[in-house]
Amino acid sequence: MPHSSTGTATVIASYGQRGVLHADDIRLPYLLKGRKLRAVCGDRVTWIPSGNDGEALVTAVLARDNVLERPDSRGGSEALAANLTTLAVILAPEPAPDFFIADRFIAAAEIMQARCLLVWNKNDLSGVPPTELDALQKLGYDVVPTSATTGVGIAELRRSLDAGISMLVGQSGVGKSSLINQLVEDANVLTGQLSDISREGRHTTTASIAHDLGNGGLLVDSPGIRDFVPTINDVSKTQIGYTEIVARADQCRFADCQHTREPNCAVRAAVENGDISERRYESYKRLLNLSKQRLQRMERTRQ
Ligand SMILES: Nc1nc2c(ncn2[C@@H]2O[C@H](COP(=O)(O)OP(=O)(O)OP(=O)(O)O)[C@@H](O)[C@H]2O)c(=O)[nH]1
Ligand SMILES: [Mg+2]
Ligand SMILES: [Zn+2]
């Protein structure tokens, strides 16, 4: 019986214990070996033939560079995708942008050390980006205006996606899947194939799918997330999500300053003189509180 590892592969879709992996030039449905294994889109895995024709048995999930996760309803966290090099946050005039959600995606990218790219889609509806987006651009984030309807900006967006794993995130309806259809040749074909495969499995509606960008990179579509909050297990790390706060934190009087009520806080001083926007500071405090509340809930359930 052949039992040699066929090397490593990348998970391009996962549905519970099942999913699809991409190895060299082939896509294979897989089954995880053992109940303890967990794999998400972007995971690198080792595999062997399962014995069922054309099916892989995933024997191990390799250590992750990073993972995008959000809190689940039980105080734990749910992994959405792994090994991301770029998180592209999609915003559009319609549905009305919620910049607090955008900030939390940006914070997630900063914390997981992925590059963060902002996309102003549906610019056929409104070519003038909101002032909040200009402010984010001034902080150093690239903003690419696009229209999945007219094709404007698609070539530029494709150029700005690297050979790693990029993921499109954003509110439901901003146009993530429409952009993928413009950027990837057989996006609809793959989506159809995967939904056929996933009928055997469960959790089909929450699946992320990684498409081949053709430049060695993968592009992950994700289901719209209503209210994303990054999982932060150490509240002092919250500030890492806000580049303008990190830039000033070492001038605060206290090394462990949370920039809320402490005296001689360089961050609060910058908010007062207008160097840090009130909205972004408010956004930071909200995320700090959300993280504290989640950790307190976890503490209570442990007792
Ligand atoms: N005018 C205009 N409409 C667009 C554009 N991009 C997407 N749409 C429309 O916006 C709607 C939502 O697009 P989707 O691509 O399904 O959005 P999504 O972000 O994938 O949504 P979820 O999968 O629910 O998270 C569809 O009716 C699209 O036709 C655009 O650039 N301009
Ligand atoms: Mg979609
Ligand atoms: Zn401070």
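Residues numbered from 1 in each chain as written. Chains lettered and ligands numbered in written order. Predicted model: local features only at pLDDT ≥ 70, side-chain atom pairs only at ≥ 80, totals over all residues. Heavy atoms only, no water.

K.L.:
Which parts of the structure should I look at to understand a nonpolar patch on the surface?
P.N.:
Together, Ile111, Ile240 and Val246 line one region of the surface with nonpolar side chains, adding up to about 200 Å² of accessible area. Relative to the helices and strands, isoleucine 111 is located in helix α1 (residues 99-111). (Patch = residues over 30% accessible without salt bridge, like charges linked within 9 Å, V, L, I, M, F, W, Y side chains within 5 Å. Areas by Shrake-Rupley, 256 points an atom, 1.4 Å probe, with all protein chains shown as cover. Salt bridge = Lys/Arg side-chain N within 4 Å of Asp/Glu carboxyl O. Helix = DSSP H or I, 4+ residues; strand = E, 2+ residues; numbered from the N terminus.)

K.L.:
Would you mind going over the site of ligand 1 with me for this structure?
P.N.:
Of all residues adjacent to ligand 1, which total 16 residues, the nearest are Asp124, Ala148, Ser172, Lys176 and Ser178. The separation between an oxygen atom of ligand 1 and a polar main-chain atom of glycine 175 is 3.0 Å. A distance of 2.9 Å is found between an oxygen atom of ligand 1 and a backbone nitrogen or oxygen belonging to serine 177. Out of a free accessible area of 650 Å², ligand 1 has 66% covered by protein chains. Class assignment of the residues belonging to the shell around ligand 1 gives a composition of 4 nonpolar, 9 polar and 3 charged. (Near = heavy atom within 4 Å. Polar contact = N/O pair within 3.5 Å; in protein donor to acceptor, adjacent residues only side chain to side chain. Nonpolar A, V, L, I, M, F, W, Y, C, P; charged D, E, K, R; others polar.)

K.L.:
Quick question: what am I supposed to make of the confidence of the model for the protein here?
P.N.:
Close reading of the predicted structure is inappropriate where its pLDDT is low. Residue-level pLDDT values for the protein average 90, and 94% of them are 70 or greater. A low-confidence stretch, residues 1-5 (pLDDT under 50), is modelled with 5 contacts involving residues beyond four sequence positions or located in other chains. (pLDDT = per-residue confidence, 0-100. Contact = heavy atoms within 4.5 Å.)

K.L.:
Sorry, what's going on with the packing of α1 against helix α2 (residues 131-138) here?
P.N.:
The contact between α1 and α2 brings their axes to 11 Å, and the two run at 20°. Taken as axis vectors, α1 and α2 run roughly parallel relative to one another. Here the hand of the crossing between α1 and α2 comes out right-handed. Packed against α1, whose contacting residues are Phe99, Asp103 and Ile106, the element α2 presents Glu132, Leu133 and Leu136 at the interface. Broken down by class, the residue content of the contact of α1 with α2 amounts to 4 nonpolar, no polar and 2 charged. (Axes fitted to C-alpha atoms, helices over the stretch in contact; angles between N-to-C directions. Parallel < 35°, antiparallel > 145°, perpendicular 65-115°, else oblique. Left-handed = near helix turned anticlockwise from the far one by under 90°.)

K.L.:
Can you help me understand the coordination of the zinc ion (ligand 3) in this one?
P.N.:
Put simply, a metal with four donors set out as a tetrahedron has ideal angles of 109.5 degrees, and one with six donors set out as an octahedron has ideal angles of 90 or 180 degrees. The protein atoms that coordinate the zinc ion (ligand 3) are Cys252 (SG), Cys257 (SG), His259 (ND1) and Cys265 (SG), at distances spanning 2.1 to 2.4 Å. Seen from the zinc ion (ligand 3), its 4 donor atoms lie at angles of 102 to 117°, and the figure they make is tetrahedral. Donor residues for the zinc ion (ligand 3) sit on one chain with the sequence pattern C-x4-C-x1-H-x5-C. In this pair, the class of cysteine 257 matches that of cysteine 265, namely buried. (Donors = N, O, S within 2.8 Å, 3.2 Å for Na, K, Ca; no water. Tetrahedral: all angles 85-135°; square planar, octahedral: opposite > 155°, others 65-115°. Buried < 20%, exposed > 50% of the residue type's maximum accessible area, 1.4 Å probe, protein only.)

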